[in-house]
Amino acid sequence: MKIIKHALRYIKYLFKSQNHYSIHSPTIYNFISNVIYSTTSKSETKEIEELRVQLYANESFINIKDYGAGSNINNNNKRKIKEIARNSSKNSKYGNLLYRIVKSLNPNTIFELGTSFGISTCYLAKGSPQTTITTFEGCNESVKIASNNFAKLEFNNIKIIHGNFKDTLEKEFARNNNLDLIFIDGNHTENATIKYFELALNHSHNKTIIIFDDIHWSKGMENAWKHITRSKKTTVTIDLFFVGIVFLDPKLSKENFIIRF
Ligand SMILES: C[S@@+](CC[C@H](N)C(=O)[O-])C[C@H]1O[C@@H](n2cnc3c(N)ncnc32)[C@H](O)[C@@H]1O
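Residues numbered from 1 in each chain as written. Predicted model: local features only at pLDDT ≥ 70, side-chain atom pairs only at ≥ 80, totals over all residues. Heavy atoms only, no water.

**As for the environment of H20**
Looking at where H20 falls in the secondary structure, it is placed in the loop between α1 (2–16) and α2 (26–36). With relative accessibility at 6%, the residue H20 sits in the buried group. C-alpha separation for the pair H20 and K226, spaced 206 residues apart in sequence, amounts to 21 Å. Aside from chain neighbours lying at most four places away, what touches H20 is Y29, I32, S33 and Y37. (Helix = DSSP H or I, 4+ residues; strand = E, 2+ residues; numbered from the N terminus. Buried < 20%, exposed > 50% of the residue type's maximum accessible area, 1.4 Å probe, protein only. Contact = heavy atoms within 4.5 Å.)

**Focus on the layout of surface pockets**
Of the volumes computed, that of the second largest pocket is approximately 340 Å³. Lining of the second largest pocket is provided by 13 residues; of these, K12, K16, H216, E222 and D239 occupy positions nearest its centre. Within the residue set of the lining of the second largest pocket, elements represented by two or more residues are α1, α10 (219–230) and β10 (255–258). It is α10 that contributes the most residues to the lining of the second largest pocket, 5 residues altogether. Classifying every residue of the lining of the second largest pocket by side-chain character gives 3 nonpolar, 3 polar and 7 charged. (1 Å grid on protein atoms, 1.4 Å probe; cavity = no way out; pocket = protein on both sides within 12 Å on 5 of 7 lines; lining within 4 Å. Points joined across faces, edges and corners; volume = space filled by probe spheres on them. Nonpolar A, V, L, I, M, F, W, Y, C, P; charged D, E, K, R; others polar.)

**Observations regarding the site of the ligand**
Close to the ligand lie 21 residues; K90, G114, S120, E137 and D185 are nearest. In the environment of the ligand, a nitrogen atom lies 3.0 Å from a nitrogen or oxygen atom belonging to the backbone of G138. Protein contact buries 92% of the 600 Å² of open area that the ligand shows by itself. Its residues assigned to classes, the shell around the ligand shows 3 nonpolar, 12 polar and 6 charged. (Near = heavy atom within 4 Å. Polar contact = N/O pair within 3.5 Å; in protein donor to acceptor, adjacent residues only side chain to side chain. Areas by Shrake-Rupley, 256 points an atom, 1.4 Å probe, with all protein chains shown as cover.)

**Quick word on the sheet that holds strand β9 (residues 243–247)**
Hydrogen bonds along the backbone pair up the strands of a sheet, which may run parallel or antiparallel. Pairing is mixed in the open sheet, where 8 strands are placed in the order β5-β4-β3-β6-β7-β9-β8-β10. The sheet is open, and its two borders are formed by β5 (158–162) and β10, each paired with just one other strand. On average, adjacent strands in this sheet sit at an angle of 15° to one another, irrespective of strand direction. (Pairing = 2+ DSSP bridges. Axes fitted to C-alpha atoms, helices over the stretch in contact; angles between N-to-C directions.)

**Some words on the pairing of strand β3 (residues 109–113)**
Burial analysis of β3 places 5 of its 5 residues in the buried class, the great majority of the element. Residue alternation in β3 divides its side chains into two sets, T109, F111 and L113 and I110 and E112, and both sets are buried. Two strands pair when backbone bridges link them, and β3 and strand β4 (residues 132–137) are joined in this way by 5 bridges, in the parallel orientation. The residue of β4 that forms the bridge with I110 is I133. In terms of handedness, the path from β3 via helix α6 (residues 119–127) over to β4 forms a crossover that is right-handed. Relative to strand β6 (residues 179–184), β3 runs parallel, the two sharing 4 bridges. Within β6, the residue paired with E112 across the bridge is F183. (Right-handed = clockwise from strand over helix to strand, strands pointing away.)

**Remarks on the environment of I81**
Looking at the element boundaries, I81 is found in helix α4 (residues 81–88). The class for I81 is buried, based on a relative accessible area of 6%. Sequence separation of I81 and I3 is 78 residues, and the distance between their C-alpha atoms is 21 Å. Setting aside chain neighbours within four positions, we find I81 in contact with L55, N58, S60, I62, F117 and I145.

**Comments concerning the nonpolar core**
Generally speaking, nonpolar side chains in soluble globular proteins are found buried as a group. Ranked by size, the top nonpolar core spans 52 residues in total, and within it I238, L240 and I245 carry the most contacts. With residues near it in sequence (within four places) discarded, I245 still touches F31, I36, I101, I209, I210, I211, W225, V236, T237, I238 and L240. In this structure, F165, L199, L201 and W225 belong to the second largest nonpolar core, which totals 23 residues. (Core = buried A, V, L, I, M, F, W, Y, C linked by side-chain atoms within 4.5 Å.)

**A short note on the state of the cysteines**
Applying the stated criterion to the full structure yields 0 disulfides. Of the cysteine sulfurs around C139, a residue in no disulfide, the closest is that of C122, at 17 Å. When its relative accessible area of 3% is taken as the criterion, C139 is described as buried. (Disulfide = S-S within 2.5 Å.)

**A closer look at α4**
I81, I84 and A85 are the residues of α4 that are buried. Relative to the axis of α4, the buried residues are bounded by an arc of 100° and lie together on one face. Along its buried surface, α4 packs onto α3 (46–56), β1 (61–63), β2 (78–80) and α7 (140–152). (Arc of directions from axis to C-beta.)

Okay, here's the thing in structure tokens:
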């Protein structure tokens, strides 16, 4: 039933979405045409795609502890690595989008909430090898796999913070007052998403970009996205259905764009 509702929301998005041609703000027009609609050549993120293929084929079972809203597909605690990788990790299209966003922003600090096996983290890390990425994950087994993946791909710019968000976020955010990019991809519930949004706002600056995963995953997530788009602190918001991108820059006029991607 959840999957059917999600599919209906996607059809609604397809009807409402537009391309960038009618957008007046040069900053947003350029962001959409040069970053969102640009392509990543296969060679740039080849090793991450190879890692994805290995995880998608891995038949081993692990015990997962999911602190978040759980999976649409399978809520058993003992699950195959390949199922988790297929259901939880950002796919290649969105992974490469994260890579391009980081490459274009050249941020000093990136926070990611929800590491899982580290697929999205790898795209973030690849986009800017000199940037430190701090990624948060509660599940012990996932942390082990992610750490191995980062070592395998020789990423030395990633720091994993292991533990429940409720015990780790406040402390780590407090150490980093001016975050440049924040990717929120854990605990897809309305209340938690709004809470992470408020926390992110308190540690942001005018040029910070906040990316939310799965903004249409449930009614609750849609409510959270509405809250974010209506907040006085946000200016431009871009709805790509599977992710929402938030700008805080007061020089931009407040508007929510539903962009076909
Ligand atoms: C969708 S997955 C992340 C996928 C990853 N960003 C990717 O695309 O490769 C969300 C992760 O957030 C973690 N998570 C959710 N709520 C959490 C919490 N309250 N504390 C710690 N980890 C949490 C889950 O264990 C899960 O691994």
